[in-house]
Amino acid sequence: MKFFKCATITLGLSALIASAYVVKEGDTLWDLSDEYLHDPFAWPDLWENNRHIQDPHWIYPGDSIYLGDSIRDEHVMVIPADKKKYPCKAAVADSNLPKGRGYMVNSAGCDEMDERSGEFENMLGNLRDKDKKNKKKKQEEDSYYYKKRPAPKIFNGYYQILAPEIYTLDSLKKDSNFISVRSGEKKEPILHIPEMEIVVGVGKKTNPGLKKGDLVELLDAKAIEVPSNRGRSFDKFALLKLSGVAKITAIGDTLSRAIIMQSFREIKINQSKARLKHPIDPINVTGYDNVTESNIDSMAQIRYAMDPMLIIGSYSYVLINKGASQGYETGDAIAIWEEDKSDAAIPPRLLGRGIIARASNNESAVLVREAYSNNRRIETGHRVSVTHKANIVK
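In what follows, the accompanying structure is described. (Residues numbered from 1 in each chain as written. Predicted model: local features only at pLDDT ≥ 70, side-chain atom pairs only at ≥ 80, totals over all residues. Heavy atoms only, no water.)

**Brief notes about the side chain of S316**
Structurally, S316 can be placed in strand β13 (residues 316-320). Of the polar contacts made by the side chain of S316, one reaches the backbone nitrogen of G313; its length is 3.1 Å. When residues no more than four places from it in sequence are discounted, the contact partners of S316 are D307, I311, V366, L367 and V368. (Helix = DSSP H or I, 4+ residues; strand = E, 2+ residues; numbered from the N terminus. Polar contact = N/O pair within 3.5 Å; in protein donor to acceptor, adjacent residues only side chain to side chain. Contact = heavy atoms within 4.5 Å.)

Listed below in structure tokens is the structure:
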């Protein structure tokens, strides 16, 4: 009897050890998900299985990661049905999450009463419902693909937070929210990375409510020329992209020191703007209503590719020439078309799909989520139509 008990315990321990992983220096949940789940975007499944990890972006050598049911032939874990009705439990972020309280996203239907802080879980989109093995259905004869557009799976609040911003040069100069920023390192590096020090132009005299721990956004800023809507001329704008987040550690009269906590891209201080945490209320999309038709003459056009290489592909941002005033609103799903000008009766060619990440009155930043062709690239001038209107929780 003792032998069987020992054998049972030994087998149990062996199974537990086989399902565990000890973190090494340089490991991230993204890399571990890629290696063991064969899908880096499934890292929240790994985080969900390890409730002792408070912050998914900070795991340390020696930590034990329970893999368990994550290793399986299906590559993607299936979320239980009872969780699907809660947006924050059935969601995954597909971008790095900023660190700090200033980026709380209020999601509908979230239960924060568990052993882990709900701060990051409330900010997740929903990728677990994605069926990555779903095969494309064969199209019926005499029907066009664009008539059968599926609704998007998710809208992630970080699409808004990380979406580029467009300013006219004059409005950027007059905006009092932006403050000066310079390196605080003894020898200024070409690029700044987390844990490096910066000095920002705000203090207790210029902002009496400033306190230690407040977050500062660092934005990469560059001047761009965008083709005008009126002809062959160009309009000059400033393109701002969130490049990092810093935390104030010491406050002076007009200057303060801060430590970079998180970076999303290269931080070049000499071409950066800074501002205190910019208030933004990410939307919560509960579903989509199909838009049955669109007139090609009323469609928007791509004005500018916001990728540094000006090449538009999956997860690139583009600027289009219509916004909320014309029915192109944040959260709406869009399709990108190539118009065949040889014959007006030939339907436009579908090149890709995306999401409106941030819409102003007359312009919008669109995140391209799918590009369907390698030899027909998405380019400026291509048409953009709204295919699904977002249902937003108020």
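**A short note on the pairing of strand β14 (residues 333-338)**
Counting buried residues in β14 gives five out of six residues, a clear majority hidden from the surface. In terms of strand pairing, β14 meets strand β15 (residues 349-359) through six bridges, oriented antiparallel. Bridge pairing in β15 links E338 to R349. Direction of pairing for β14 relative to strand β17 (residues 383-392): antiparallel, over a ladder of five bridges. In the strand pairing of β17, A335 is matched with S385. (Buried < 20%, exposed > 50% of the residue type's maximum accessible area, 1.4 Å probe, protein only. Pairing = 2+ DSSP bridges.)

**Looking at the pattern of salt bridges**
One pass over the structure, following the stated rule, counts 16 salt bridges. Note that K174 and D170 form a salt bridge whose closest N and O atoms lie 3.2 Å from each other. Here K174 and its partner D170 are both found in helix α5 (residues 169-174), four residues apart, which amounts to about one turn of the helix. On the basis of relative accessible area, D170 is assigned to the partly exposed category, the value being 46%. One salt bridge in this structure joins K268 and E266, with 3.9 Å as the shortest N-O distance. When its relative accessible area of 30% is taken as the criterion, K268 is described as partly exposed. (Salt bridge = Lys/Arg side-chain N within 4 Å of Asp/Glu carboxyl O.)

**Some points on the packing of aromatic side chains**
Applying the stated criterion to the full structure yields one aromatic pair. Ring centres of Y167 and F178 lie 5.7 Å apart, and the angle between their planes is 80°; this geometry places the pair in the edge-to-face category. Of this pair, Y167 sits in strand β3 (residues 165-168) while F178 sits in strand β4 (residues 178-179), placing them 11 residues apart in sequence. The same class applies to Y167 as to F178, namely buried. (Phe/Tyr/Trp six-rings, centres within 6.5 Å; stacked < 30°, edge-to-face > 60°.)

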